[in-house]
Amino acid sequence: MNTLPLYRQLANHYLDAIRSGTLKTGERFPSIRLMMEKHAVSLSTAVQVCRELEGQGVLEARPRSGNYIRQPEPLPHPLPPAPQDVDAYVGIHQQVSSVLKASQRATIKVNFANPYCAAQLYPLKTLQDHMVKALRQNPQLLGTTAPTSGNLELRNILARRALTSKTHLNAEKIVITNGATEALNLALRAVTQPGDTVAVESPTFHGLLQILESLNLRVREVPATADYGINLFALEQLLRDPEPIRALIVMPNLQNPLGSIMPDSHKARLVQLCAEHATVLIEDDTYGDLVDTEQPLSTLKYWDHSDNLIYCASLNKTLAPGMRLGWISAGRWHDRVEMLKHSQSRGCEALSQLAVSAFMKTPSYERYLRRLRKILTQQRQQMRTAILRHFPQDTCVTEPRGGTLLWVELPPGFSSMRLFHEGLKVGIQILPGDIFSNGSGFGHYLRIACGAPFTPKIEEAVATLGQLLKNQA
Ligand SMILES: Cc1ncc(COP(=O)(O)O)c(C=O)c1O
């Protein structure tokens, strides 16, 4: 039981809010009347709360205007950092969190870290119109819960579209998710236990390493290259290890960050290897629709004849990041995935699914995708040329066949982590190579995204990064 008098309890409550930044310096403090109403306290208690906070120097009374928040004094003894339990630590190193935190604190003017396309490249007006229409046709929609697996029409559309990449997905066994992030989480939760080992490509996108850490999974990295993706020879060695690899996560088409596309022969062999070693294959096809080709490429799912694969994908890069729609087709793990989805977050909200279905079933969707791929091809070329022009001699840049990501290799001796921190100071954000692996081999690599139209401002930012690198020499 809290033995402090009520006014002190409330004062502490507000003091915490001020110290944590929920209530900010210069903002008006809640009025006496509001405090009486919200906390069901008497006038004298509410006044005492304000006096207490004034006494602590965090409130300033302004005549005829009310109380305003002042900059709090720093805590006299900062709390010591929480002890790290080294044995329990199975995931990604601390660098990812500190890089993401540093980015959140900075004021970013040019964002080369964001893998999405610029908002104006998405068909926002069309989707908004479909949303309005859907609401008009379903006036009860916002008062009705959505099915756990998602809208059946959307699942049918996704299954039919998959046929073009020779992939058979059963619409009844698709679950709509909150992006590929939730799909990957569900896939891993369905087939692993905490402490299991999961293999990933190296380098791999940092969000995946975070997911693995959040699920308390151990990670083994398999080298991958920008030309063919995952190295099958290295994978075979790893799978022969006595330590079982419970699952392997691969992005066969436009790997993040390498942009690699696996040849069909590699895809077939990879699927076979995983089946032979009872390692569940999780396919992340987030970028498949952005491959710049008229003929859709095959997925790993196409080569899977033993139901040993879980397929995950997303509309967040291709259609509407704000809608957060993805999907999972989990084959023999479908029932478990559906149960996990239900227990974790219930069905995704219905309005976005209706709007997206209405758009995706028209021929305009394919036309839109073709145009988007063309624009991205041009943006990648412009960005690549700018990097090669402004960065130190002997810098190498990938030439992916689609998407928004370039993987840049600086000459040895340069540090992309240093560039990251110096870039933030001038409002330019890149992602340093270190966060794409648990190991330490990518310190002179960086990922640059080019989802935004190439403008003089972008060129100038690339030139600034080049200058910052030259200062490192
Ligand atoms: C390869 C890959 N998989 C999954 C995700 C997560 O996608 P979503 O935004 O759909 O959750 C990303 C996001 O950048 C990604 O690059």
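Residues numbered from 1 in each chain as written. Predicted model: local features only at pLDDT ≥ 70, side-chain atom pairs only at ≥ 80, totals over all residues. Heavy atoms only, no water.

Student: I'm lost on the overall build of the protein chain in this one. Help?
Tutor: Along the backbone of the protein chain there are 16 helices and 16 strands. Principal axes of the C-alpha set define a box for the protein chain whose edges measure 80 × 60 × 50 Å. Expressed as a percentage of its 473 residues, the buried residues of the protein chain come to 51%. Partitioning the intrachain contacts of the protein chain with sequence separation of at least 6 by distance along the chain shows that 73% fall at a separation of at least 24. Accessible area for the protein chain stands at about 22,900 Å²; split by element, carbon and sulfur atoms hold 52% of it. Of the charged side chains in the protein chain, 50 are positive and 42 negative, and the gap between their average positions amounts to 7 Å. (Helix = DSSP H or I, 4+ residues; strand = E, 2+ residues; numbered from the N terminus. Buried < 20%, exposed > 50% of the residue type's maximum accessible area, 1.4 Å probe, protein only. Contact = heavy atoms within 4.5 Å. Areas by Shrake-Rupley, 256 points an atom, 1.4 Å probe, with all protein chains shown as cover. Lys, Arg positive; Asp, Glu negative; His and termini not counted. Charge placed at Lys NZ, Arg CZ, Asp CG, Glu CD.)

Student: Is there a simple way to explain the site of the ligand in this structure?
Tutor: The ligand sits among 15 residues. The nearest are Thr181, Asn256, Asp284, Ser314 and Asn316. In this structure, an oxygen atom belonging to the ligand sits 3.2 Å away from a side-chain N or O atom of tyrosine 116. Measuring from an oxygen atom of the ligand, one finds a side-chain N or O atom of arginine 324 at 2.8 Å. Surface burial for the ligand is 95%, taken as the share of its 390 Å² of free accessible area covered by protein chains. The residue makeup of the shell around the ligand, split by class, is six nonpolar, six polar and three charged. (Near = heavy atom within 4 Å. Polar contact = N/O pair within 3.5 Å; in protein donor to acceptor, adjacent residues only side chain to side chain. Nonpolar A, V, L, I, M, F, W, Y, C, P; charged D, E, K, R; others polar.)

Student: Even after reading the chapter, I still don't get the UniProt feature "domain: HTH gntR-type" (unreviewed entry) in the protein chain, so can you show me in this structure?
Tutor: The UniProt record marks residues 4–72 with the feature "domain: HTH gntR-type" (unreviewed entry), using the residue numbering of this structure. With 51% helix and 12% strand, the stretch residues 4–72 has end C-alpha atoms that lie 22 Å from each other. (UniProt positions renumbered as here; feature names shortened; annotations may be inferred.)

Student: How do you make sense of the nonpolar core when you look at a structure like this?
Tutor: Generally speaking, soluble globular proteins have nonpolar side chains that are buried together. Counting 58 residues, the largest nonpolar core has Leu248, Leu270, Leu281, Leu319, Trp327, Val356 and Met360 as its most contacted members. When residues are assigned to domains, this core turns out to be shared by domain 2 (95–119 + 369–472) and domain 3 (123–365), each giving three or more. Val96, Ile428, Phe436 and Val462 belong to the second largest nonpolar core, which has 38 residues in total. (Core = buried A, V, L, I, M, F, W, Y, C linked by side-chain atoms within 4.5 Å. Domains from an automatic or database assignment.)

Student: Hey, could you run me through helix H15 (residues 416–425) in this one?
Tutor: Turning to H15, its buried residues number three or more, namely Ser416, Met417, Leu419, Phe420, Gly423 and Leu424. Projected onto a plane normal to the axis of H15, the buried residues spread over an arc of 160° and lie on a single side. Looking at the buried positions of H15, the neighbouring elements they touch are helix H4 (95–105), strand S14 (428–429), strand S15 (431–432), strand S16 (445–449) and helix H16 (456–472). Put simply, serine 415 is the residue that caps the front of H15, since its side-chain oxygen is 3.4 Å from the backbone nitrogen of methionine 417. Just downstream of H15, glycine 427 is the residue with a positive phi angle, here 80°. (Arc of directions from axis to C-beta.)

Student: Before we go on, may I ask you to explain the confidence of the model for the protein chain in this structure?
Tutor: One rule of thumb: low pLDDT means the predicted coordinates there are not for detailed reading. Across the protein chain, pLDDT averages 92, with 95% of residues at or above 70. The low-confidence segment residues 76–90, where pLDDT is below 50, has eight contacts with residues more than four positions distant or belonging to other chains. (pLDDT = per-residue confidence, 0-100.)

Student: Sorry if this is basic, but what is going on with the sheet that holds S16 here?
Tutor: By definition, the strands of a sheet pair up through backbone hydrogen bonds, in either a parallel or an antiparallel sense. The four strands lie next to each other as S12-S13-S16-S15, forming an open sheet whose pairing is antiparallel. Two strands lie at the open edges of the sheet, namely strand S12 (396–397) and S15, each paired on one side alone. Taken together, the five bridges between strand S13 (residues 405–409) and S16 define a ladder with antiparallel strand orientation. Bridge pairing links leucine 405 to alanine 449 in S16. (Pairing = 2+ DSSP bridges.)

Student: I'm lost on the pattern of salt bridges in this one. Help?
Tutor: Side chains bearing opposite charge may pair, as long as their charged atoms lie close to each other. Taken as a whole, this structure holds 15 salt bridges when the rule is applied. Salt-bridge contacts for arginine 161 lead to aspartate 289; the nearest nitrogen and oxygen are separated by 3.0 Å. Here aspartate 289 lies in the loop between strand S9 (280–284) and helix H11 (300–303) and arginine 161 lies in helix H6 (residues 152–162), a separation of 128 residues in the sequence. One salt bridge in this structure joins glutamate 399 and arginine 384, with 3.8 Å as the shortest N-O distance. Here the residue glutamate 399 occupies a position in the loop between S12 and S13, and arginine 384 occupies one in helix H14 (residues 364–390), the gap between them amounting to 15 residues. (Salt bridge = Lys/Arg side-chain N within 4 Å of Asp/Glu carboxyl O.)

Student: Looking at this structure, I do not really get the packing of aromatic side chains. What am I missing?
Tutor: Centre distance and the angle of the planes are the two values used to describe a pair of aromatic rings. Inspection of every chain in the model, using the stated rule, returns nine aromatic pairs. Ring pairing ties together the aromatic residues Trp407, Phe436, Phe442 and Tyr445, which thus form one cluster. Directly above the aromatic system of tyrosine 68 lies the positively charged group of arginine 62, at a separation of 3.9 Å from the ring centroid. (Phe/Tyr/Trp six-rings, centres within 6.5 Å; stacked < 30°, edge-to-face > 60°. Lys NZ or Arg CZ within 6 Å of the ring centre and 35° of its normal.)

Student: When you look at the domain arrangement of the protein chain in this model, what are you seeing that I'm missing?
Tutor: The figure often quoted for interface size is the accessible area lost as the parts come together. Domains assigned within the protein chain are domain 1 (6–69), domain 2 (95–119 + 369–472) and domain 3 (123–365). A separation of 49 Å is found between the C-alpha centroids of domain 1 and domain 3.

Student: It is not clear to me how the sheet that holds strand S4 (residues 174–178) should be interpreted in this structure. Could you clarify?
Tutor: Read across the open sheet, the eight strands follow the order S4-S11-S10-S9-S8-S5-S6-S7; overall the sheet is mixed. Only two strands of the sheet have a single partner each, and these edge strands are S4 and strand S7 (229–230). Along the sheet face, helix H12 (residues 334–345) touches S4 and strand S11 (325–329) and points at about 35° away from the line of S4. (Axes fitted to C-alpha atoms, helices over the stretch in contact; angles between N-to-C directions.)

Student: Before we go on, may I ask you to explain unusual backbone geometry in this structure?
Tutor: Both trends apply: most residues other than glycine have a negative phi, and most peptide bonds are in trans. The linkage connecting serine 202 with the following residue, proline 203, adopts the cis geometry, with an omega of 5°. Structurally, proline 203 can be placed in the loop between strand S5 (197–202) and helix H8 (206–214). A cis amide bond links asparagine 256 to the next residue, proline 257, at an omega of 15°. Along the polypeptide, proline 257 turns up in the loop between strand S8 (247–250) and helix H10 (264–276). Residue asparagine 216 is not a glycine yet carries a positive backbone phi of 55°. Following the sequence through the fold, asparagine 216 ends up in the loop between H8 and strand S6 (218–225). The backbone of alanine 278 shows a phi angle near 55°, a positive value even though the residue is not glycine. Within the secondary structure, alanine 278 sits in the loop between H10 and S9.

Student: What should I look at first to understand the side chain of arginine 373 in this one?
Tutor: Assignment of secondary structure puts arginine 373 in helix H14. Glutamate 366 provides the closest opposite charge to the buried, salt-bridge-free arginine 373, at an N-O distance of 4.2 Å. In terms of polar contacts, arginine 373 uses its side chain to reach the backbone carbonyl oxygen of aspartate 289, at 2.9 Å. The residues contacting arginine 373, other than those within four sequence positions of it, are Asp289, Leu290, Val291, Asp292, Thr293 and Glu366.

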